[in-house]
Amino acid sequence: MFIGCDTGGTFTDFVMFCPRHPERGLQTLKLSSTPDDPGRAVLEGVERLGRGVAPEFINHATTVATNALLESQGGRVAFFVTEGFGDMLWLGRGHRQNLYALAPTRVEPPLSRQDTFEVPERIQADGSVLRKLDKSGLAELVKGLDKDVQAVAVCLLHSSVNPTHELMLAEALKNDFQVYCSHQTAPGSGEYERGTTTVLAAYLSPKVRAYIQRLADNLSQSGLMIVHSAGGLLTPGEAQENPHRIALSGPAAGLRGALSVGRECGQLNLVTLDMGGTSTDVALLADGELPYSWQTNLEGFPLRAPTLEIHTIGAGGGSIAYGEETGLLRVGPRSAGAVPGPVCYGRGGEQPAVTDALCFNGFLPKTLGDERLLLDREASARALSSLGEELDLEVFQVADGVLEIAANHLAGAVRKVTTAKGYNPASFTLFPFGGAGPLLACAVAENLEMDTILVPEGAGVLSAWGALTAPWEREWSRTVPVQLRQESDSWRPLVAELRGEAEEELGDVSDCSWQVLLERRYAGQGETLVATPEVDFHELHKRRYGFSRSDCEIQTVAVRVRAQRLPLQGLQRPDPVTETKELESQLIRYGQREYTARVFSEVSGELKVDGPALFFKPSSTLFLAPGWTLETLPGGHHLLRRGAS
């Protein structure tokens, strides 16, 4: 048995496939998340699917690192820097997060200034030692650390070129503390970015290590792997050593699943819309490739690690609707989460959420998910009506307004990854998934003048499928010395060194695929672009920034070598084992009008339906709006076209 698992803010999703019994198809499970102990839902789901039998593989996408940062639940960190650079994290860069803020604020680093220690040493940009680190003083430095410190981050000047002093510090500290060195955690130039990344790794370490260790102990008979932020897999040990690399684990698994389905259906240009209960993740997949990035922003901090370019907004099925003092209706970013959840869940929620508006307008079944959660439409009506009294609106006006605002939020997020980067969203296919994505997909597409939507089979658990199909992936990188950056072939010897280092670490590499990546820029630039050596840098720069400078010298700043290995070779998504089943029609309200929609609980084979229609699946609900036509594709996926009938 192979199991993929994705923990979200509201639900924890599972898919299971047994190659020896492909006739059973892909088995799915959706459980309410357990925020007080995320691992509890994971272990319960594995137990229910395996029925006492340990699965061979479990690939897990998790939000534990992100939640630890959001909820300020990381560990106490000590930070060692070169003398004179103690204020580095507090000064940061000159960028302003909000350009027009009259009183701009900074995000405070997750450590106190008193836990920052300046080390008398100095290495220059070319790697030469200007001021040697005095070993005799290291013992005093170690004694100065409070015993409550749980991890240590070390970021010394130019350590990516010469890590000698960082290694000396690590040697002195390793017996008493978990140590993270910047030349290993976030190699590359730029002390501020290396520093924040290393501190985040140390800060997240206690929470992530304990979580993964508990899972590994309880699933010791299975091959547990953790999805990282670039959509690949890490072993539990690798994830514990690099906790910062799993910060975007769940969204990255969703993109891996979208890529798999898109290639299967011949749709290589997708805008993904992953709408769950708490948030929505949006990304652009152009030409069938994942949107790789080597630096992202995590809650205001630059994070240097392989990631996928994903834009997240606080808009999900659990987003709470409320009225401002001005009398305006607002939706999100506050969420009802898994507990208490929307009012219609009957778990103690009092403020109406997007799900309540969907329930009141007739878009949801009477029971939801594998837990057969009974939805209380009357409770939603009361909550929406109470909000309407505050705003002097009828209950149906509140419900319509909530859904319209939610759809506008989602459309705005799509524009962030398309229009804002020079792409026309109308030339892409919208790819909605997550529990709520397919419900609002038509409204979002109409807002953006998009004519095609691809809804995957098992949309509500697609991130779990993406986790299951992800490859194991590692990178090794090396900074090119300043004096060699203008030499066109200076990177080639470094590739050989990195490949040798990787093979020595991995042992047998016969089943690995390899890729070389160069981090390049024009001379004088601060920002870099990463691509394979074969990619023309001038063309790449023009595509990204709108211009190129063929007369400028190109510098190679760093070299990366990536290894990939597929643990589950040849895993193919099985066709769904279902039969088309049409239920009694349902009255819905869409676009301030009422319609009678056809309702299907299962769909198989060739089917073509004109909207309005509802498709109730165990993991999600799909709404086909008036003016749209749905056609079933091989594999159970659905292609929606506007005005195609």
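Please refer to the structure higher up on the page.
The paragraphs below set out a description of the structure included in this document. Here the structure is a predicted model, which is why all the values come from computation and not from measurement.

Digging into the overall build of the protein
On a plain count of helices and strands, the protein comes out with 16 helices and 36 strands. Here the protein has a C-alpha radius of gyration of 26 Å; the compact-globule value for 645 residues is 26 Å, and the two agree. By its C-alpha atoms, the protein is 80 × 60 × 55 Å across when sized along the principal axes. Within the protein, buried positions represent 55% of all 645 residues. By sequence separation, contacts in the protein at least 24 residues apart represent 66% of the contacts at least 6 residues apart. Carbon and sulfur atoms make up 47% of the accessible area of the protein, which totals about 27,800 Å².

As for the nonpolar core
Val271, Phe363, Leu430, Val444, Ile453, Phe615 and Leu640 are the most contacted members of the largest nonpolar core, which totals 97 residues. Looking at this core, the element that brings in the most residues is helix α12 (residues 395–417), giving 12 residues. The contact partners of phenylalanine 615, leaving out residues within four places of it in the chain, are Phe600, Val603, Leu607, Val609, Ser620, Thr621, Leu622, Leu624 and Leu630. Formed by 46 residues, the second largest nonpolar core is a distinct cluster that contains Leu29, Leu89, Cys155 and Leu298.

Notes on the pairing of strand β10 (residues 178–181)
Looking at chain direction, strand β9 (residues 151–155) and β10 are connected through four bridges and run parallel. Considered in β10, the bridge of valine 152 is made with valine 179. In this fold, the crossover linking β9 to β10 by way of helix α5 (residues 164–173) has right-handed handedness.

A short note on the packing of helix α1 (residues 38–50) against helix α7 (residues 191–218)
Viewed as axis vectors pointing N to C, α1 and α7 meet at an angle of 20 degrees, and their least axial separation amounts to 10 Å. Looking at the two axes, α1 sits roughly parallel to α7. In terms of crossing hand, the pair formed by α1 and α7 is right-handed. Packed against α1, whose contacting residues are Pro38, Gly39, Arg40, Val42 and Leu43, the element α7 presents Tyr211, Arg214, Leu215 and Asn218 at the interface. Per-class residue counts for the contact of α1 with α7 are five nonpolar, two polar and two charged.

Some points on helix α11 (residues 377–391)
The end-to-end C-alpha distance of α11, which contains 15 residues, comes to 21 Å, matching closely the 21 Å that a straight helix rising 1.5 Å per residue would cover. Within the sequence span of α11, burial applies to Ala379, Ser380, Ala381, Ala383, Leu384, Leu387, Gly388 and Leu391. Where α11 is buried, its residues meet β20 (319–323), β21 (329–335), α10 (354–360) and α12. You can read the cap of α11 off the contacts: a side-chain oxygen lies 3.2 Å from the backbone nitrogen of glutamate 378, and it is on aspartate 376. Of the residues one or two after α11, aspartate 392 is the one with positive phi, at around 60 degrees.

Section: the packing of aromatic side chains
Applying the stated criterion across every chain, the model contains nine aromatic pairs. When the centroid spacing of 5.0 Å and the interplanar angle of 85 degrees are considered together, the rings of tyrosine 522 and phenylalanine 537 count as edge-to-face. Within this pair, whereas tyrosine 522 is found in strand β27 (residues 513–522), its partner phenylalanine 537 is found in helix α16 (residues 537–545), the two being separated by 15 residues in sequence. With 5.1 Å between their ring centres and 10 degrees between their planes, phenylalanine 600 and phenylalanine 615 make a pair best called stacked. Taken together, the positions of phenylalanine 600 in strand β31 (residues 593–602) and phenylalanine 615 in strand β33 (residues 613–616) put the pair 15 residues apart, joining distant regions of the chain. With a relative accessible area of 2%, phenylalanine 600 lands in the buried category. One aromatic cluster is present, formed by Phe363, Tyr590 and Phe623 through successive ring pairs. Taking the ring centre of phenylalanine 360 as reference, the NZ or CZ of arginine 377 above it sits at 4.7 Å. The aromatic ring of tyrosine 292 is capped on one face by arginine 562, whose charged end is 4.2 Å from the ring centroid.

Focus: the pairing of β9
Look at any regular strand and the pattern is simple: side chains alternate between the two faces of the sheet. Among the five residues that make up β9, five are buried, leaving the element largely enclosed by the rest of the structure. The side-chain alternation of β9 yields two buried faces, one formed by Ala151, Ala153 and Cys155 and the other by Val152 and Val154. By the bridge criterion, five bridges tie strand β5 (residues 77–82) to β9 in an arrangement that is parallel. Pairing of alanine 78 across the sheet is with valine 152, part of β9.

What to know about the sheet that holds β31
If you walk across this open sheet you meet the four strands as β30-β31-β33-β34, and the pairing is mixed. The outermost strands of the open sheet, each flanked by one partner alone, are β30 (581–590) and β34 (621–624). Between one strand axis and the next, the sheet turns by 25 degrees as a mean value, whatever way the strands run. As defined by bridge partners, β30 adjoins β31 across eight bridges and the pair is classed as antiparallel. Counted as the bridge partner of isoleucine 588 is tyrosine 595 from β31. The sheet contacts of helix α13 (residues 437–448) involve β30 and β34, and relative to β34 the element is tilted by about 35 degrees.

What about the side chain of arginine 562?
Tracing the backbone through its elements, the reader meets arginine 562 in strand β29 (residues 554–565). A relative accessible area of 5% places arginine 562 in the buried class. At a separation of 3.2 Å, a polar atom in the side chain of arginine 562 contacts the side chain of glutamate 475. Not counting residues up to four positions away in its chain, the partners in contact with arginine 562 are Tyr292, Trp294, Glu473, Arg474, Glu475, Ser513, Trp514, Gln515 and Leu517.

Focus: the side chain of threonine 272
Take threonine 272: it is sitting in strand β13 (residues 270–275). Taking relative accessible area as the criterion, threonine 272 reaches 1% and is therefore assigned buried. Once you skip the residues sitting within four places of it in the chain, threonine 272 turns out to touch Leu255, Ala258, Asp281, Val282, Ala283, Leu285, Phe431 and Phe433.

Some thoughts on the packing of helix α9 (residues 249–265) against helix α14 (residues 462–469)
At a closest axis distance of 7 Å, the pairing of α9 and α14 adopts a crossing angle of 80 degrees. Overall, the two elements α9 and α14 adopt an arrangement that is roughly perpendicular. Only Leu462, Ser463, Trp465, Gly466, Ala467 and Thr469 of α14 make contact with α9, whose side of the interface consists of Gly250, Ala253, Gly254, Arg256, Gly257, Ala258, Ser260 and Val261. Split by residue class, the contact of α9 with α14 holds six nonpolar, seven polar and one charged.

Brief notes about the pattern of salt bridges
Under the defined criterion, the tally for this structure stands at 30 salt bridges. Across the pair lysine 617 and glutamate 457 runs a salt bridge, and its minimum N-O distance is 3.4 Å. On the criterion of sequence distance, the pair formed by lysine 617 in the loop between β33 and β34 and glutamate 457 in the loop between β25 (452–455) and α14 is long-range, its members being 160 residues apart. Comparing lysine 617 with glutamate 457 shows no difference in burial state: the two are buried. The salt bridge partner of aspartate 511 is arginine 565, with a shortest N-O separation of 3.1 Å. In this pair, aspartate 511 is assigned in the loop between α15 (492–506) and β27 and arginine 565 in strand β29, connecting sequence segments 54 residues apart. Looking at aspartate 511, the relative accessible area reads 40%, which means it is partly exposed. A single salt-bridge network, built from bridges that share partners, covers Arg76, Asp115, Asp146 and Asp148.

Thresholds applied
- Residues numbered from 1 in each chain as written.
- Predicted model: local features only at pLDDT ≥ 70, side-chain atom pairs only at ≥ 80, totals over all residues.
- Heavy atoms only, no water.
- Helix = DSSP H or I, 4+ residues; strand = E, 2+ residues; numbered from the N terminus.
- Rg over C-alpha atoms; globule rule 2.2 N^0.38 Å.
- Buried < 20%, exposed > 50% of the residue type's maximum accessible area, 1.4 Å probe, protein only.
- Contact = heavy atoms within 4.5 Å.
- Areas by Shrake-Rupley, 256 points an atom, 1.4 Å probe, with all protein chains shown as cover.
- Core = buried A, V, L, I, M, F, W, Y, C linked by side-chain atoms within 4.5 Å.
- Pairing = 2+ DSSP bridges.
- Right-handed = clockwise from strand over helix to strand, strands pointing away.
- Axes fitted to C-alpha atoms, helices over the stretch in contact; angles between N-to-C directions.
- Parallel < 35°, antiparallel > 145°, perpendicular 65-115°, else oblique.
- Left-handed = near helix turned anticlockwise from the far one by under 90°.
- Nonpolar A, V, L, I, M, F, W, Y, C, P; charged D, E, K, R; others polar.
- Expected span 1.5 Å × (residues − 1).
- Polar contact = N/O pair within 3.5 Å; in protein donor to acceptor, adjacent residues only side chain to side chain.
- Phe/Tyr/Trp six-rings, centres within 6.5 Å; stacked < 30°, edge-to-face > 60°.
- Lys NZ or Arg CZ within 6 Å of the ring centre and 35° of its normal.
- Salt bridge = Lys/Arg side-chain N within 4 Å of Asp/Glu carboxyl O.

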